[in-house]
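Working through the structure, step by step
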Amino acid sequence: MKRNILSIVVGLATAIITFLIAETINGNLHQAPTTLDYKDTIAVKAFYENQPLSLWLLVLAGWITGSLLCGFLIKCISKSDNKKLPIIAGCILTLSAVGNFFSLPHPTWFIVVGLLVFIPSTLLGHNLYKLKSNGQ
């Protein structure tokens, strides 16, 4: 039980660090103007509506990569085939994305994809460890 909890915590922490790295890269590539007032919801919405597709794709790439790592580490640490563990982590990551969707404006397509990406990605990462350990 302790190993299962630890695996989820480590997996989630790794996912969040991966997300932060992707967001930092994104922030350097698509810098917000220094005059942007994040308290001005109209200005923030206008800023995000005018962002290129590459900004949103980089965020998704970070989310997918972090989720894959999360599932992989869950399997590696827990040593369990229990699919509930990566599903729990995927649900937590999905809920964190929902919070993000409420705090900043996002395109509708991004919200839909964002809601669908975490659970399959953590499950895939979980399964990747199985492939690696079986020598396939």
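Residues numbered from 1 in each chain as written. Predicted model: local features only at pLDDT ≥ 70, side-chain atom pairs only at ≥ 80, totals over all residues. Heavy atoms only, no water.

1. Concerning the packing of helix 3 (residues 53-78) against helix 4 (residues 84-103)
Basically, it comes down to this: Axis geometry follows a simple rule: fit a line to the C-alpha atoms, using only the stretch in contact for helices, then measure angles between N-to-C directions, giving values from 0 to 180 degrees. Numbered from the N terminus, helices here are DSSP runs of H or I no shorter than four residues, and strands are runs of E no shorter than two. Angular relationships are summarised with four words: roughly parallel below 35 degrees, roughly antiparallel beyond 145, roughly perpendicular across 65 to 115, and oblique for the angles in between. Crossing handedness is defined as follows: a turn of the near helix away from the far one that is anticlockwise and smaller than a right angle gives a left-handed crossing, while the clockwise case is right-handed. It only takes one pair of heavy atoms within 4.5 Å for two residues to be counted as in contact. When residues are sorted by character, Ala, Val, Leu, Ile, Met, Phe, Trp, Tyr, Cys and Pro go into the nonpolar class, Asp, Glu, Lys and Arg into the charged class, and all the rest, Gly among them, into the polar class.
Packing of helix 3 against helix 4 leaves a shortest axis separation of 9 Å and a crossing angle of 150°. In this view, helix 3 runs roughly antiparallel relative to helix 4, as classed from their interaxial angle. Seen along the crossing, helix 3 lies across helix 4 with a hand that is right-handed. Every residue of helix 4 that contacts helix 3 at Trp63, Ser67, Cys70, Ile74 and Ser78 is listed here: Leu85, Pro86, Ala89, Leu93, Ala97, Asn100 and Phe101. Among the residues forming the contact of helix 3 with helix 4, the class breakdown is nine nonpolar, three polar and no charged.

2. Some details on the nonpolar core
The cut-off we apply is this: We call a set of buried Ala, Val, Leu, Ile, Met, Phe, Trp, Tyr and Cys residues a nonpolar core when their side-chain atoms join them within 4.5 Å. Buried means the residue's accessible area, taken with a 1.4 Å probe over protein chains only, is under 20% of the maximum for its type, while exposed means over 50%, and partly exposed covers the values in between.
In this structure, Trp63, Cys70, Leu93, Phe110 and Phe118 are the most contacted members of the largest nonpolar core, which totals 23 residues. Of all elements in the fold, only helix 1 (2-29), helix 2 (41-49), helix 3, helix 4 and helix 5 (108-133) reach the threshold of two or more residues within this core. No other element matches the seven residues that helix 3 contributes to this core. Ignoring anything within four residues of it in the chain, the contact list for Cys70 reads Gly11, Leu12, Ala15, Ala89, Leu93 and Thr122.

This is a description of form; function is not addressed.
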